[in-house]
Amino acid sequence: MSNTAQRFLPDKLIVALGGNAIHPAGIKGTGEEQFEIAAEASHSLLPLLKDIPQLVITHGNGPGVGKVLMRQAIASKRVASMPLDICVANSQGGISYVLMQTMQNSLQAAGVDRAVTSIICEVEVDPDDPAFENPDKPLGYFFSEAEAEDLRAEFNWNMKEDANRGWRMVVPSPHPLNIVNIDVIKNLARSGVIVITGGGGGIPVIADSGGNVSGVEAVVDKDRTAILLARELDIDQLLILTSVSHVAIHFGTDKEQNLSHVSLEELKTYLAQNHFSAGSMGPKVEAVIQFIEDGGKRAIIAHLDKAYEALLGQTGTHVER
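As a starting point, this report considers the structure included with it. (Residues numbered from 1 in each chain as written. Predicted model: local features only at pLDDT ≥ 70, side-chain atom pairs only at ≥ 80, totals over all residues. Heavy atoms only, no water.)

Concerning empty space enclosed by the protein
Tallying each qualifying case throughout the model produces 2 cavities of 30 Å³ or more. Approximately 40 Å³ is the volume found for the largest cavity. Surrounding the largest cavity, G66, M70, L139, G140, Y141, F143, W157 and M169 form its lining. Counting only elements with at least two residues in the lining of the largest cavity, the list comes to α4 (62-74) and β5 (137-143). Of the volumes computed, that of the second largest cavity is approximately 40 Å³. (1 Å grid on protein atoms, 1.4 Å probe; cavity = no way out; pocket = protein on both sides within 12 Å on 5 of 7 lines; lining within 4 Å. Points joined across faces, edges and corners; volume = space filled by probe spheres on them. Helix = DSSP H or I, 4+ residues; strand = E, 2+ residues; numbered from the N terminus.)

What about the packing of helix α8 (residues 222-233) against helix α10 (residues 281-293)?
Between α8 and α10, the least distance of the axes is 8 Å, while the angle of their chain directions is 15 degrees. Considering their axes alone, α8 and α10 lie roughly parallel with respect to each other. Both α8 and α10 take part in a crossing whose hand is right-handed. Packed against α8, whose contacting residues are K222, D223, R224, I227, A230 and R231, the element α10 presents P283, K284, E286, A287, Q290 and F291 at the interface. (Axes fitted to C-alpha atoms, helices over the stretch in contact; angles between N-to-C directions. Parallel < 35°, antiparallel > 145°, perpendicular 65-115°, else oblique. Left-handed = near helix turned anticlockwise from the far one by under 90°. Contact = heavy atoms within 4.5 Å.)

Topic: the state of the cysteines
Tallied over the full model, the rule gives 0 disulfides. Here C87 is not cross-linked by a disulfide; its sulfur's nearest cysteine counterpart is in C121, at 18 Å. (Disulfide = S-S within 2.5 Å.)

Some words on the sheet that holds β5
Across the sheet, 3 strands lie side by side as β5-β7-β6; this open sheet has antiparallel pairing. Every interior strand has two partners, whereas the edge strands, β5 and β6 (159-161), have only one. Across the sheet, the mean angle from the axis of one strand to that of its neighbour is 40 degrees, orientation sign disregarded. In the sheet, β6 pairs with strand β7 (residues 167-171) via 3 bridges, with the strands oriented antiparallel. Counterpart to E161 in the pairing with β7 is W167. Contacts from helix α6 (residues 145-155) reach β5, β6 and β7, with the element oriented near 120 degrees to β5. (Pairing = 2+ DSSP bridges.)

Brief notes about the packing of helix α9 (residues 264-272) against α10
Across the interface, α9 lies against α10 with an axial gap of 10 Å and an inter-helix angle of 145 degrees. As for how α9 packs across α10, the hand of that crossing is left-handed. For the pair α9 and α10, contact is made by L264, L267, K268 and L271 and by V285, E286, V288, I289, I292 and E293, respectively. Tallied by class, the residues present in the contact of α9 with α10 amount to 7 nonpolar, no polar and 3 charged. (Nonpolar A, V, L, I, M, F, W, Y, C, P; charged D, E, K, R; others polar.)

Brief notes about the environment of E145
Position of E145 relative to the elements: it lies in helix α6. Given the relative accessible area of 49%, E145 is considered partly exposed. Each C-alpha atom, one on E145 and one on A226, is 33 Å from the other, the two residues being 81 residues apart in sequence. (Buried < 20%, exposed > 50% of the residue type's maximum accessible area, 1.4 Å probe, protein only.)

Notes on unusual backbone geometry
Unusually for a residue other than glycine, N156 sits at a positive phi of about 60 degrees. With a phi close to 60 degrees, N274 is a non-glycine residue in the positive phi region. Counting through the fold element by element, N274 comes out in the loop between α9 and α10.

Okay, structure coming up:
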C-alpha cells in the first residue's frame, strides 16, 4: 500500500452501494447480467476489500424489489402474493448472495485470504412513523404518466414522478431505529470478516411490548440504515456509492453544478432549497448530514467505479467534520 493510501484509507468503513449502481437502468436483470455487474463492482471495490480491516457493506434493492413486486402483480391470479417485508427479504438475500460470491472470487483472484459473509438483517421501525401516511420511496421501473395511471388502477399502487425521469411505484420509508441482529454483525466485522448486511435498508419490523417482532409493509432507505450501522459499530467514515460522480445542485438544468468539497452548513442549505429529489439523492444527502452531526468524521458520495479514488480524495462529493 502506498503512503498516500495509508494516509487516506481508514481502519473501519461503511460502504453503501446504491441499488441503481449495481442494477443500472437498461438491463433486463437476468442472473447472468447481475453477476457480470456485481463482478465489475467487486473489482472496483477490491482495494477496499483487501486493505480495510473492518469493512461493512450495505446495498440498495429498489430495482430488485420493484421487479419482485411486478412479477407478483403479473402472476397474481395464479400465485399467492407475498407482503412487502418478505419481498425485501427475498431481494436482500438474492443481491447479497451475488455480491458475496463475486467479492469472494475477486479476493481469490488477487490471492487474498479473507472471508466474506452475508447477514439477513431486520431493522426496527416506529409503527407511528409519519412515512406510513406519505409513501415516497420509489421502487422498480420507470413508467410514463399514462402507464402509471393504468398501474394505479389495476394494482392499486401509489405512483409518483421521480426527478423528471418518469413515474415509479412508491412505498412508505420509515426511519430505522434499531438493528435487530447488530451483535452478530459487530462480532464478525471485528474479527476481520467482510460483512454484507442491511440490504435494501434491512427488513422493516416492529416490536411489541414483549420484544416480539413482525414485518411491516415498507422499505427502509439503505443510506439511513448505513448511518445506524455506523453508529452501532463505532465507524466514523462513510462511503456512499451510486451511479453519478458527484452530488449536484440545479440537477437536470443548464445550471447544474457538481459539488466537490462542501461544508455541512452549505449542504443543509442546499437541502432546504429542495435541490435533491426525495426519491433519489435526497435521502443520501440527509444521511450524510445525520452522519456528520452524529459525530462522523468523513462522508463521501461518489461513483461506484471510482470508490478507491474517492477515498483518496480524488473524486466525489466530500463532507468532513
